[in-house]
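Coordinates in review
For reference, the chains in residue letters:
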Amino acid sequence: MAKTDWTAEERMIVALDFPGTEEAVSMMDQLSGTARYVKIGMQLYYLAGPSIVEEARKRGFSVFLDLKVHDIPNTARGAMQSLAGLGVDMVNVHVAGGKAMMEAAREGLAKGTGAGQKPPLLLGVTQLTSTSRIVMNEEIGIPGSVEDCVRHYALLARDSGLDGVVASPLEVSLIKESCGDPFLTVTPGVRPATSEKGDQHRITTPEDAFRNGTDFIVVGRPVTRAEDPLEAFTQIAEEVKNAIASR
Ligand code: C5P
């Protein structure tokens with residue numbers, strides 16, 4: 001299916017950042033039938049393992065397994081081979097791991113994917129959306145602007161055979177300009193105008209992320225901490241539909 005055919009719901013990935021399986025399953029039950037994609041991150045996966053992926057797939061959700069792999073190429077290859085066997089739809093590695101690591105990750109996914117199956121999309125993590133310029137320059141030791149680093153990482157990810165990158169919604173245009181439109185962007189760090197910013201820095205509203213040309217958003221607390229998560233999801237989906245229609 002061409003990516004222009006993806007619906008708003010298929011482009012909104014709900015981050016299941018919960019401390020336990022029960023809360024995550026309950027959230028999936030509340031959202032199932034409306035939401036289509038969930039993100040399982042380290043907290044939940046390290047606790048529950050492959051069974052939580054199975055719970056999501058049983059309910060018909062596509063799964064972004066957000067484990068941000070960053071290791072030597074041989075280990076990254078093996079990790080991806082294992083993850084491909086879980087039947088997830090999207091996985092990721094840190095671009096900071098370098099080209100050889102990203103290419104090895106790609107090979108691992110191909111090896112772990114069953115005959116006739118499509119391998120999961122492989123994304124690169126550029127700079128975390130919680131990283132400010134000061135943190136990047138003074139703590140991590142990367143000079144220059146966050147945008148320059150993101151552009152460099154995105155090009156490196158594309159040249160290493162990745163399908164796209166995870167980045168701030170503020171960086172979508174520069175990524176698309178540098179890497180071309182087919183190179184996917186998945187953008188966390190979205191906040192509806194009415195909700196709290198929390199620890200995220202480089203943010204936009206969900207609509208603006210799509211107006212900027214993103215392919216997917218990741219939305220966590222604005223849905224999962226809402227009094228009525230289904231209502232919150234539906235409301236954001238309505239706004240996203242308008243933004244997609246107008247671009
Ligand atoms: O609750 P919130 O909407 O901030 O959740 C965003 C999700 O996206 C979290 O699970 C976070 O780990 C993830 N993420 C991020 N920034 C990145 C990559 C992933 O916020 N660059």
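Position numbers for residues count from 1 along each chain, tracking the sequence in the order it is written. Thresholds applied to this predicted model are a pLDDT of at least 70 for local features of residues and 80 or more for the giving and counting of side-chain atom pairs; totals over whole chains, interfaces and linings are not thresholded and use all residues. Side-chain measures here rest on the full set of heavy atoms in the structure, leaving out hydrogens and waters.

Convention adopted: a line fitted to C-alpha atoms gives each axis, helices being fitted over their contacting stretch, and angles between N-to-C directions are expressed from 0 to 180 degrees. By the criteria applied, helices consist of DSSP H or I runs no shorter than four residues and strands consist of E runs no shorter than two, each listed in order from the N terminus. Following both chains from N to C, one finds helix α5 (residues 99-112) and helix α7 (residues 146-159) inclined at 45 degrees, their axes separated by 9 Å at the closest point. As the angle between them shows, α5 and α7 are arranged oblique. Relative to α7, α5 is oriented so that their crossing is right-handed. Packed against α5, whose contacting residues are Lys-99, Met-102 and Glu-103, the element α7 presents Leu-156, Ala-157 and Asp-159 at the interface. Only Asp, Glu, Lys and Arg are considered charged in this grouping, and only Ala, Val, Leu, Ile, Met, Phe, Trp, Tyr, Cys and Pro are considered nonpolar; every other residue, Gly among them, is considered polar. Here the residues of the contact of α5 with α7 are counted per class, giving three nonpolar, no polar and three charged. The labels follow the angle: roughly parallel below 35 degrees, roughly antiparallel above 145, roughly perpendicular from 65 to 115, and oblique for the rest. Throughout, a crossing is termed right-handed when the near helix is turned clockwise from the far one, and left-handed when it is turned anticlockwise from it by less than a right angle. Two residues form a contact once any of their heavy atoms are found within 4.5 Å.

Time to look at the packing of aromatic side chains. Only Phe, Tyr and Trp rings take part, Trp by its six-membered ring, and two of them pair if their centres are within 6.5 Å. Stacked means planes under 30 degrees apart, edge-to-face means over 60, and tilted covers everything else. Evaluated as defined, the whole model comprises two aromatic pairs. An angle of 35 degrees between the planes, with centres 4.9 Å apart, marks the rings of Trp-6 and Phe-216 as tilted. With a gap of 210 residues between them, Trp-6 in the segment before β1 (12-15) and Phe-216 in strand β8 (residues 216-219) connect regions that are remote in the sequence. Buried means the residue's accessible area, taken with a 1.4 Å probe over protein chains only, is under 20% of the maximum for its type, while exposed means over 50%, and partly exposed covers the values in between. Overall, Phe-216 belongs to the buried group, its relative accessible area being 3%. Relative to Phe-216, the ring of Tyr-37 has its centre 5.7 Å away and its plane inclined at 75 degrees; by these criteria the two rings are edge-to-face. Residue Tyr-37 is found in strand β2 (residues 37-41), and its partner Phe-216 is found in strand β8; the two are separated by 179 residues along the sequence.

What follows concerns helix α3 (residues 50-58). When α3 is considered as a whole, its buried residues turn out to be Ile-52, Val-53 and Ala-56. In an axial view of α3, the angular spread of the buried residues amounts to 105 degrees, which keeps them on one side of the axis. Buried-residue contacts for α3 involve α1 (21-31), β2, α2 (42-48) and β3 (62-69). Following α3 by one or two positions, Gly-60 adopts a phi angle in the positive range, close to 85 degrees. In this context, the arc is that of the directions from the helix axis out to the C-beta atoms.

Nonpolar side chains in soluble globular proteins tend to end up buried together. In this structure, Ile-40, Tyr-45, Ile-52, Leu-65, Met-80, Val-93 and Ile-175 are the most contacted members of the largest nonpolar core, which totals 64 residues. Beyond its immediate sequence surroundings of up to four residues, Val-93 is in contact with Lys-68, Val-69, Met-80, Met-101, Met-102, Ala-105, Leu-122, Leu-123, Gly-124, Val-125 and Leu-162. By nonpolar core we mean a set of buried residues, namely Ala, Val, Leu, Ile, Met, Phe, Trp, Tyr and Cys, connected to one another through side-chain atoms within 4.5 Å. By size, the runner-up hydrophobic cluster in this structure holds 12 residues, among which are Phe-64, Met-90, Phe-216 and Val-218.

A few words now on the sheet that holds β1. A pair of strands counts as paired when DSSP detects no fewer than two bridges linking them. Here we have eight strands rolled up into a closed barrel, ordered β1-β2-β3-β4-β5-β6-β7-β8, and parallel in their pairing. Taking each pair of neighbouring strands and ignoring which way they run, the sheet shows an average axis angle of 25 degrees. Contacting β3, β4 (90-94) and β5 (121-125), α5 runs over the sheet at an angle of about 155 degrees to β4. Helix α8 (residues 172-179) contacts β6 (164-166) and β7 (184-187) of the sheet and is inclined by roughly 165 degrees relative to β7.

What follows is about the site of the ligand. Taken together, 17 residues lie around the ligand, and Asp-17, Lys-39, Thr-129, Arg-191 and Arg-221 are the ones closest in. Between Asp-17 and the ligand, the recorded distance is 2.6 Å, taken from a side-chain N or O atom to an oxygen atom. Any N or O atom pair separated by 3.5 Å or less is treated as a polar contact, with the protein-specific requirement of one donor-capable and one acceptor-capable atom, and with residues adjacent in sequence counted only for side-chain atom pairs. Take Gly-220: an N or O atom from its main chain is 2.8 Å from an oxygen atom of the ligand. Here, Shrake-Rupley sampling with a 1.4 Å probe gives the accessible areas, and only protein chains in the shown set may cover a residue. Bound to the protein, the ligand loses 88% of the 470 Å² it would expose on its own. Going through the elements one at a time, β3, β8 and α10 (221-224) are the ones with two or more residues in the shell around the ligand. Of the residues assigned to the shell around the ligand, the class counts are seven nonpolar, four polar and six charged. For this purpose, a residue is taken to be near a molecule or strand whenever a single non-hydrogen atom of the residue falls within 4 Å of it.

The subject of this paragraph is the packing of helix α4 (residues 73-84) against α5. In contact at an axis separation of 7 Å, α4 and α5 are set at 30 degrees when each is read in the N-to-C sense. Considering their axes alone, α4 and α5 lie roughly parallel with respect to each other. Seen from above, α4 lies across α5 with right-handed handedness. Contacts between α4 and α5 involve Pro-73, Ala-76, Arg-77, Met-80, Gln-81 and Ala-84 on the former and, on the latter, Ala-100, Met-101, Ala-104, Ala-105, Glu-107, Gly-108, Leu-109, Lys-111 and Gly-112. Looking at the contact of α4 with α5 residue by residue, the classes come out as nine nonpolar, three polar and three charged.

Secondary-structure assignment places Glu-171 in the loop between β6 and α8. Under the relative-accessibility criterion, Glu-171 is labelled buried at 0%. Beyond its immediate sequence surroundings of up to four residues, Glu-171 is in contact with Val-146, Val-150 and Arg-202.

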